[in-house]
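Observations on the model geometry
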Amino acid sequence: MGWATERGETMTWNSAAEFFAMGGYAQYVWGSVGVSAIALAVELFLLRQRRQGALLQSKHELTLERKGLNESST
Amino acid sequence: MINWFKYSTPRTFYPLAGSVVPWFAVGAVLTAIAGLYVGFFMAPTDAQQGEGYRIIFVHVPVSWMSMFIYVVMAFWAAVGLAFNSRLSAMMASALAPTGAMFTFLSLWTGALWGKPMWGTWWVWDARLTSELILLFLYIAFMALQSAIDDPRRADKAGAVLALVGVVNIPIIYFSVQWWNTLHQGASVSLTRAPSMATIMLVGMLLMALAAWMYTVAVALMRVRCIILEREGHAEWVGQLNEVKR
């Protein structure tokens, strides 16, 4: 990894280890990125659960309605 | 001319929202990848803050979104209050959890940035305190709505709270000008030349765009859940493929 930026400087990272070290700020930078990624994942998981719950509830109401219709027609 | 009122009922909006979500979801992923690449591989090391400044590529976009979502939420709450439209109130409710999440991330990434640069996780200054108040406003909005059983009354009460709280947004935004603070000034301004390298600005704007598209996708997915929860008894819900199955 070593290519030139627009200013003609070479890339910051010479190795993967250097990248993950973040110039000594690893815990702060990765703590920010990591917790943000976890927060998004948790929100998407909760949303998925909410959708499944809402669909289940709608299906339940639909079957109740069908039952109700059958009972009234007989 | 598009007839906007046609899409303002839950019945017509539900499928429309569903067809828009994938586009915003894919767009969010692609811009986030591009933004992270620019921010972490192309942007140069900062002269003063070394690599620690790279928190900016998360911190600024989530902070912008925390404020922007609140304004949009208050807007829909106001529309719901003024026109008594169900869908606008549902939209406001759908935005609150995502706004709260971005506000939490703003405070979290801010603390992780403040510790190495200022020497402290937290100070009770205007910018940080008003952002914390924003988090409390989101939580209060959600708590108030869930405490009221009747959805229509919950919408109204939440809308009043959201509208009162909107006064906090200019306070957050201008706090760095009005009061002495450790927090630096605005990163981007329309009235003066950008103070940062173009490549850093590009990375930040890409991440902001990703956060915006993520918010649109998630808010639309959540409003679809709210529609199902509230209109589950309606005949059109029973005719949906995902319900019939």
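The present account deals with the structure reproduced in this document. Position numbers for residues count from 1 along each chain, tracking the sequence in the order it is written. Naming scheme: in the order in which they are written, chains are lettered from A and ligands are numbered from 1. Per-residue local features of the predicted model are confined to residues with pLDDT of at least 70, and side-chain atom pairs are confined, for both listing and counting, to 80 or more; whole-chain, interface and lining totals are unaffected and use all residues. The side-chain numbers reported here are obtained from all heavy atoms of the structure, hydrogens and water having been left aside.

1. Comments concerning the pattern of salt bridges
Selection criterion: Here, a salt bridge means any side-chain nitrogen of Lys or Arg that lies within 4 Å of a carboxyl oxygen of Asp or Glu. Strands here mean DSSP runs of E at least two residues long; helices mean DSSP runs of H or I at least four residues long; both are numbered from the N terminus. Exposed residues in this analysis have more than 50% of their type's maximum accessible area, buried residues have under 20%, and partly exposed residues fall in between, with area computed by a 1.4 Å probe over protein chains only.
This structure, assessed with the given rule, holds eight salt bridges over all chains. Its salt-bridge partner being R222 of chain B, residue E43 of chain A comes within 2.8 Å of it at the nearest N-O pair. Of the two residues, E43 of chain A is situated in helix α2 (residues 26-73) and R222 of chain B in helix α7 (residues 198-231); the pairing between them involves two chains. Here R222 of chain B falls in the buried class, since its relative accessible area comes to 5%.

2. Here's the deal with unusual backbone geometry
One non-glycine residue, M22 of chain A, lies in positive phi territory at about 50°. The residue M22 of chain A is located in the loop between α1 (16-21) and α2 in this model. If you check the backbone angles, N84 of chain B has positive phi at about 55° while not being a glycine. Mapped onto the elements, N84 of chain B comes out in the loop between α2 (56-83) and α3 (86-118). Looking at N84 of chain B, the relative accessible area reads 43%, which means it is partly exposed.

3. Observations concerning a nonpolar patch on the surface
All names here are of chain B. For the record, the criterion: Patches here: salt-bridge-free residues with over 30% relative accessible area, like charges joined within 9 Å, nonpolar side chains (Val, Leu, Ile, Met, Phe, Trp, Tyr) joined within 5 Å. Under the convention used here, a 1.4 Å probe and the Shrake-Rupley method define accessible areas, while residue burial counts only the protein chains that appear.
Together, V167, I171, Y173, F174, W178 and W179 make up an exposed nonpolar region whose accessible area comes to about 590 Å². Inspection of the secondary structure assignment puts Y173 in helix α6 (residues 168-178). Its relative accessible area of 37% is what places Y173 among the partly exposed residues.

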